[in-house]
Amino acid sequence: MEIKQDVIPTTNTNRPGDQLNATHITIHETANTNTGADAEMHARYVKGEEAQNRQVSWHYTVDDKQIIQHLPTNEIGWHAGSEGNAASIGIELCVNEDGSFSKTKQKAMELIQSLKASLSIPYANVVTHHRWTGKNCPARLLNDWEAFKKELRTEEDEGSIAGQRIVIEAQTLWVYDRPDWDARYTTVTAGEVFTLKDELLVDSHQMYQLKSGLYITANDQYVTMLP
Ligand SMILES: [Zn+2]
């Protein structure tokens, strides 16, 4: 996998230079469907005046042809709110109408796999911009997020989930006694912590199997993986 380096100058105000110990990868879309709004264009944009005025920066842009890196992975970018910025590497996927979004997705997956491996970022911590701030981003992928995650999942990820812990974020949340969304068993409440055994896809929605043998949603709006 080739990554073109086109790094934001250290003198730019949208490159704060703060240390990042990334535990997450945040996926975005550029939301610019114009012809020519590809990775090259965004590489120019993120180095330019407007990105500095708007105080935005991120680590990689992916289109259907290439991957461009704008920030080192150990430096904070401004792309996902303060919590997301402090925890994650930001990847923008281009949605330009003259590009192939399915190719862009494939390239992004390669990049994500490589970053997961080199920075020991767990599968569960590949998240959407929406997860941090509620923004409708990555707009296209949000409809398709579980399928994207499923495709991203490797055999190693299957073992890696066991023993990890989640905390409940929702006020109350259903727990199921078998892998079936109709098999409501009891509820749990915000702040409770559970240990995981496995993750599975049920009717195209991600579910965790808990160590207790019960099941719960893996939707990261409702549950969060503990570091
Ligand atoms: Zn975003």
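Chains are numbered independently. Their residues run from 1 in the order of the written sequence. Given that the model is predicted, a residue must reach a pLDDT of at least 70 before its local features are reported, and side-chain atom pairs must reach 80 or more before they are shown or counted; all residues, however, enter totals for whole chains, interfaces and linings.

A.B. asks: Is there a simple way to think about the overall build of the protein in this case?
C.D. replies: The way it works is that DSSP assigns letters per residue, a run of H or I at least four long becomes a helix, a run of E at least two long becomes a strand, and they are numbered from the N terminus. The helix and strand tally for the protein stands at 8 helices and 13 strands. Compactness check: the protein gives a C-alpha radius of gyration of 18 Å against a globular reference of 17 Å for 227 residues, within 12% of the reference. With respect to the principal axes defined by its C-alpha atoms, the protein has extents near 55 × 35 × 30 Å. Burial status across the protein gives 37% buried among its 227 residues. Whether two residues are in contact is decided by their C-beta atoms, placed from the backbone, lying within 7 Å. Taking all contacts inside the protein whose residues are at least 6 apart in sequence as the whole, residues at least 24 apart take part in 66%. Radius of gyration: C-alpha atoms only; globule rule: 2.2 Å multiplied by the number of residues to the exponent 0.38. Here the C-beta atoms are placed from the backbone, and a residue counts as buried if at least 20 other C-beta atoms lie within 10 Å of its own, exposed if 12 or fewer do, and partly exposed otherwise.

A.B. asks: Would you take a moment to explain the sheet that holds strand S10 (residues 193-202) for this structure?
C.D. replies: Where strands meet in a sheet, backbone hydrogen bonds hold them as pairs that are either parallel or antiparallel. An order of S9-S8-S12-S11-S10-S7-S13 is seen for the 7 strands of this open sheet, with the pairing classed as antiparallel. Where the open sheet ends on each side, the last strands, each with one partner, are strand S9 (184-189) and strand S13 (223-225). Mean inter-strand twist for the sheet, computed between neighbouring axes without regard to direction, equals 45 degrees. DSSP-based pairing: two strands are paired if at least 2 bridges between them are found. Across 3 bridges, the pairing between strand S7 (residues 165-168) and S10 is antiparallel. Opposite Val-167, over in S10, you have Val-193 as the bridge partner. For every element, the axis is a line fit to its C-alpha atoms; helices are fit only across the contacting stretch, and the angle between N-to-C directions ranges from 0 to 180 degrees.

A.B. asks: Which parts of the structure should I look at to understand helix H7 (residues 145-152)?
C.D. replies: In an α-helix, one turn spans 3.6 residues; hence positions three or four apart end up facing the same way. Of the positions making up H7, those classed as buried are Trp-145, Phe-148 and Lys-149. The buried residues of H7 occupy an angular sector of 95 degrees when the element is viewed end-on, so they sit on one face. Buried positions along H7 lie against helix H4 (101-119), strand S6 (126-128), helix H6 (139-142) and strand S11 (205-210). The arc in question is the one spanned by the directions pointing from the helix axis to the C-beta atoms.

A.B. asks: What is the right way to read unusual backbone geometry from this model?
C.D. replies: When glycine is set aside, most residues are seen to have a negative phi, and most peptide bonds are trans. Of the consecutive residues Cys-137 and Pro-138, the connecting peptide bond is found in the cis state with omega at 0 degrees. Residue position: Pro-138 is located in the loop between helix H5 (129-133) and H6. A positive phi angle, near 55 degrees, is found at Gln-55, a position not held by glycine. Residue Gln-55 is classed as exposed on the basis of its C-beta count, with 10 C-beta atoms lying within 10 Å.

A.B. asks: Explain the sheet that holds strand S2 (residues 24-29) to me, please; I cannot follow it from the model alone.
C.D. replies: In spatial order, the strands read S1-S4-S3-S5-S2-S6; together these 6 strands make up an open sheet with mixed pairing. In the strand order of this sheet, the two ends are held by strand S1 (4-5) and S6, each with one partner. With 2 bridges joining them, S1 and strand S4 (residues 67-69) adopt parallel strand pairing. Residue Gln-5 lies in a different strand from S4, and its bridge partner there is Gln-69. Running over the sheet, helix H1 (residues 39-47) touches strand S3 (60-62), S4 and strand S5 (88-93) and is turned about 155 degrees from S3.

A.B. asks: In this structure, what is going on with the domain arrangement of the protein? I would like to understand it.
C.D. replies: Accessible area lost during the coming together of the parts is what is often quoted as the interface size. Throughout the structure description, domain borders are defined by an automatic or database domain assignment. Its domain assignment divides the protein into domain 1 (4-158) and domain 2 (161-225). Measuring from the centre of the C-alpha atoms in domain 1 to the corresponding centre in domain 2 gives 27 Å. If you list the elements that add at least two residues to the side of domain 1 that touches domain 2, you get H7 and helix H8 (155-160). For the side of domain 1 that touches domain 2, the leading source of residues is H7, giving 4 residues. Gly falls in the polar group here, along with every residue not listed as nonpolar (Ala, Val, Leu, Ile, Met, Phe, Trp, Tyr, Cys, Pro) or charged (Asp, Glu, Lys, Arg). Across the side of domain 1 that touches domain 2, the residue classes tally to 4 nonpolar, 1 polar and 6 charged.

A.B. asks: Honestly, the environment of Gln-171 in this entry has me stumped. Any pointers?
C.D. replies: Residue position: Gln-171 is located in the loop between S7 and strand S8 (172-176). Residues Gln-171 and Thr-104 lie 67 residues apart in sequence; the distance between their C-alpha atoms is 37 Å. Setting aside chain neighbours within four positions, we find Gln-171 in contact with Thr-189 and Ala-190.

A.B. asks: Looking at this structure, I do not really get the nonpolar core. What am I missing?
C.D. replies: In globular proteins that are soluble, nonpolar side chains generally tend to be buried together. In these notes, a nonpolar core means any group of buried Ala, Val, Leu, Ile, Met, Phe, Trp, Tyr and Cys residues linked to one another through C-beta atoms within 7 Å. Counting 43 residues, the largest nonpolar core has Val-62, Ile-91, Leu-93, Leu-111 and Tyr-208 as the members making the most contacts within it. There are two domains that each give this core at least three residues, and those are domain 1 (4-158) and domain 2 (161-225). Setting aside residues no more than four positions away along its own chain, Ile-91 makes contact with Ile-25, Ile-27, His-28, His-59, Tyr-60, Val-62, Ala-108 and Leu-111.

A.B. asks: Would you explain the pairing of S5 in this entry?
C.D. replies: Taken residue by residue, a regular strand's side chains alternate between the two faces of the sheet. Of all 6 residues in S5, 6 are buried; the element is thus mostly enclosed. Across the two faces of S5 the burial is the same, with Ser-88, Gly-90 and Glu-92 and Ile-89, Ile-91 and Leu-93 all buried. With 6 bridges connecting them, S2 and S5 associate as parallel partners. Bridge pairing in S5 places His-24 opposite Ser-88. In this sheet, S5 lies alongside S3 in parallel orientation, the contact comprising 3 bridges. Counterpart to Val-62 in the pairing with S5 is Leu-93.

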